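Coordinate analysis (summary)
For reference, the chains in residue letters:
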Amino acid sequence: MTPARRAREKPGHGRGRNVSVRRIGARKVATLKPVAEQAVALKVNGKRYAVTVPVRRTLADMLREDLGLTGTHLGCEHGVCGACTILLDGQAVRSCLLLGVQADGHALMTVEGLSNGERLHPIQEAFWDAHGLQCGFCTPGFLMTISAFLKETPDPSEEEIREAIAGNLCRCTGYVNIIKAVQLAADRLRLPTV
Ligand code: FES
Ligand code: FES
């Protein structure tokens, strides 16, 4: 866990709501209340999980640290880079901007849920074939964004693809090949399955 995240979950972080003040003699002394925890039951990639987490833990941290699903990456932790994108009830969301407790009762999909056993998902294969990645750090976020996008827009124009991935940042591949990968994936997904 990064120092920033450790600080976020620390008692007393955030406008002093976890601080109580006691009077000892003539002096007032501030003490820290323990961080509350909450039970969360959810489905991730078709599997049921029940965990108890600090109420301030982000959904991204809960997935990575409590459920061991480290395919969801963290870049900015401020909703800017898109690396932490997952599907919540089929909608692409940034898991660094949600709390784990907000996922209670919901169905999630992370990048680990895209492939079918050993077989890569057509979007993953298209990224491979079109060289849509280099270091791969941003790739889980792109894959999940594109997976939601192609369900809604199976035959997208280049302009629509550019708009769909505008919230995902890649620092090393360049977007030309990523756009080619999305076009290839869309073509393959539209083919009738045998
Ligand atoms: S880590 Fe969530 S948007 Fe960057
Ligand atoms: S492939 Fe390296 S940041 Fe996108």
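Above this note sits the structure.
What this report covers is the structure whose coordinates are included nearby. No experiment lies behind these values; they were computed from the predicted model shown.

L108, I146, V182 and A185 are the most contacted members of the largest nonpolar core, which has 44 residues in total. If one sorts the elements of this core by residue count, helix α4 (residues 139-152) sits on top with six residues. Residue contributions to this core reach at least three from each of two domains, namely domain 1 (37-113) and domain 2 (122-190). Ignoring sequence-local partners within four residues, the contact set of V182 consists of I146 and I161.

All right, on to the pairing of strand β3 (residues 37-44) then. Alignment of β3 against strand β4 (residues 47-54), held across eight bridges, turns out to be antiparallel. Bridging across to β4, L42 finds its partner in Y49. The antiparallel pairing of β3 with β4 creates a hairpin that spans two residues between the two strands, and N45 there sits at a positive phi of about 55°. By the bridge criterion, two bridges tie β3 to strand β7 (residues 107-109) in an arrangement that is parallel. When the bridges of β7 are listed, V44 appears paired with L108.

Across the sheet, which stays open at both edges, the five strands sit in the order β4-β3-β7-β5-β6 with mixed pairing between neighbours. Looking along the sheet, the strands with just one partner apiece sit at the ends: β4 and β6 (91-94). Between one strand and the next, the sheet's axes are offset by a mean angle of 40°, whatever the strand orientation. Against the sheet, α4 engages β5 (85-88) and β6, with an angle of about 35° to β5.

To continue, consider the packing of helix α3 (residues 122-129) against α4. Following both chains from N to C, one finds α3 and α4 inclined at 125°, their axes separated by 10 Å at the closest point. When the axes of α3 and α4 are compared, the pair comes out oblique. Between α3 and α4 lies a crossing of right-handed hand. When α3 is examined against α4, the residues I123, Q124 and F127 are found in contact with a partner set consisting of T139, L143, I146 and S147.

Cut-offs and rules
Counting from 1, residues in each chain are numbered in the order their sequence is written. Numbering of ligands from 1 and lettering of chains from A proceed in the order in which they are written. Totals for whole chains, interfaces and linings use every residue, but because this is a predicted model, local features are given only for residues with pLDDT of at least 70 and side-chain atom pairs only at 80 or more, for both listing and counting. To count as a nonpolar core, a set of buried Ala, Val, Leu, Ile, Met, Phe, Trp, Tyr and Cys residues must be joined through C-beta atoms within 7 Å. To sort residues by burial, count the other C-beta atoms lying within 10 Å of each one's C-beta; a count of 20 or more means buried, 12 or fewer means exposed, and anything in between means partly exposed. C-beta atoms are built from the backbone. Where helices and strands are cited, they refer to DSSP runs of H or I of at least four residues and of E of at least two residues respectively, numbered from the N terminus. The split of the chain into domains comes from an automatic or database domain assignment. Two residues qualify as being in contact provided that their C-beta atoms, derived from the backbone, are within 7 Å of each other. A pair of strands is considered paired only if DSSP assigns at least 2 bridges between the two. Axis lines are fitted to C-alpha atoms, over the contacting stretch for helices. Their N-to-C directions set the angle, which ranges from 0 to 180 degrees. These descriptions rest on fixed angle ranges, namely under 35 degrees for roughly parallel, over 145 for roughly antiparallel, 65 to 115 for roughly perpendicular, and the rest for oblique. Definitions for this section: a left-handed crossing has its near helix turned counterclockwise from the far helix by less than a right angle. A right-handed crossing has that turn clockwise.

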